[in-house]
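Geometric and topological summary
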Amino acid sequence: PAKIYRIPIKAKEYFLVENRYAGKLNFDSLQYELSNNRPESVTAREVLETYFADQVTFSPQGVLIDIENPDLGLPGSGCLIWHIDERVIDVNRRENRINADPEHRGVDLEEADGSQDIGQAYDFLSPGYGSEIGWILDMWYAANTSPVFKNIFSSGSQPDSRSYYHRANSHIKIFDFSSPDTVMT
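Here the structure is a predicted model, which is why all the values come from computation and not from measurement. (Residues numbered from 1 in each chain as written. Predicted model: local features only at pLDDT ≥ 70, side-chain atom pairs only at ≥ 80, totals over all residues. Heavy atoms only, no water.)

**Some points on the overall build of the chain**
Here is the rule we go by: Only DSSP runs of H or I covering at least 4 residues are called helices, and only runs of E covering at least 2 are called strands; the numbering of each starts at the N terminus. For this measure, only C-alpha atoms enter the radius of gyration; the expected value for a globule follows 2.2 Å times N^0.38, where N is the number of residues. Accessible surface is estimated by sampling points in the Shrake-Rupley manner with a 1.4 Å probe; for residues, cover comes only from the protein chains shown. Positive: Lys, Arg. Negative: Asp, Glu. His and the chain ends are not part of the count. In this description, the location of a charge corresponds to atom NZ of lysine, CZ of arginine, CG of aspartate or CD of glutamate.
Assigned secondary structure in the chain consists of three helices and eight strands. In terms of overall dimensions, the chain is globule-like: its C-alpha atoms have a radius of gyration of 17 Å, near the 16 Å expected for 185 residues. Split by element, the accessible area of the chain, about 10,900 Å² in all, is 52% carbon and sulfur. With 17 positive and 28 negative side-chain charges, the chain shows a separation of 9 Å between the mean positions of the two kinds.

Next up, the structure:
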């Protein structure tokens, strides 16, 4: 059975850790196949629109907003660490602006590659193009090849496990993530 672990920082601020496993369908293989004989790699969006057009919905800005099987839309498998701040959610829910402030979102994915590019809008020639809906290096797993990835989530990592408030040390340390599978440690 699926499990999500809640790790408290404060009463209304915490991390959620979940294992997302796409199963036998290998998104990377589909991306490789679509990129074959092309000078550039294709984006995750192009893979989704090519192979799963009837199962995905993108916003006019190009952000993935709905997919029939959520794990299918993931660019790989591994652990996701969500930083939740219920105070931001409570204050902004009515106006549907929970994640309006990119510096302090109510629901924020701690991207293992150290960037905050999910939800951004990059043009075709920008270095971040294709990462705005996430990519494999955003997930936490052994052998993640991101240059900043050290297989540890702590107060000194990038991203870090500090509180939103005064950047206080949460003393939360999650480390030695296993390889992606149906169960991860």
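**Quick notes on the pattern of salt bridges**
What counts, and what does not: When a carboxyl oxygen of Asp or Glu is within 4 Å of a side-chain nitrogen of Lys or Arg, the pair counts as a salt bridge. Accessible area is worked out with a 1.4 Å probe on protein chains only. A residue is then buried under 20% of its type maximum, exposed over 50%, and partly exposed in between.
Enumeration according to the criterion identifies eight salt bridges in this entry. A salt bridge links Arg20 to Glu18; the nearest nitrogen and oxygen atoms lie 3.5 Å apart. Take Glu18: its relative accessible area is 11%, and that puts it in the buried class. One salt bridge connects Arg167 with Asp160, and the closest N-O pair in it is separated by 2.4 Å. Since its relative accessible area comes to 43%, Arg167 is described here as partly exposed.

**Things to note about the nonpolar core**
Basically, it comes down to this: In plain words, nonpolar cores are sets of buried Ala, Val, Leu, Ile, Met, Phe, Trp, Tyr and Cys residues tied together by side-chain atoms within 4.5 Å. By definition, residues are in contact when any of their heavy atoms lie within 4.5 Å.
Counting residues in hydrophobic clusters, the biggest one holds 19 residues, and the most contacted among them are Ile81, Met139, Trp140, Tyr141, Phe153, Ile174 and Phe177. Contributions of two or more residues to this core are made by strand S2 (13-20) and strand S5 (78-85). With three residues, the top contributor of residues to this core is S5. Excluding anything up to four places from it in sequence, Phe153 contacts Phe15, Ile81, Glu110, Trp140, Pro159, Asp160, Ser161, Ile172, Lys173 and Ile174. With 10 residues, the next largest nonpolar core counts Leu30, Val42, Leu48 and Leu72 among its residues.

**What about unusual backbone geometry?**
With an omega of 0°, the peptide bond running from Gln158 to Pro159 counts as cis. Within the secondary structure layout, Pro159 lies in the loop between strand S7 (152-153) and strand S8 (174-175). Although it is not a glycine, Arg167 adopts a positive phi angle of roughly 55°. Examined against the element boundaries, Arg167 turns out to sit in the loop between S7 and S8.

Honestly, it's all geometry; don't read function into it.
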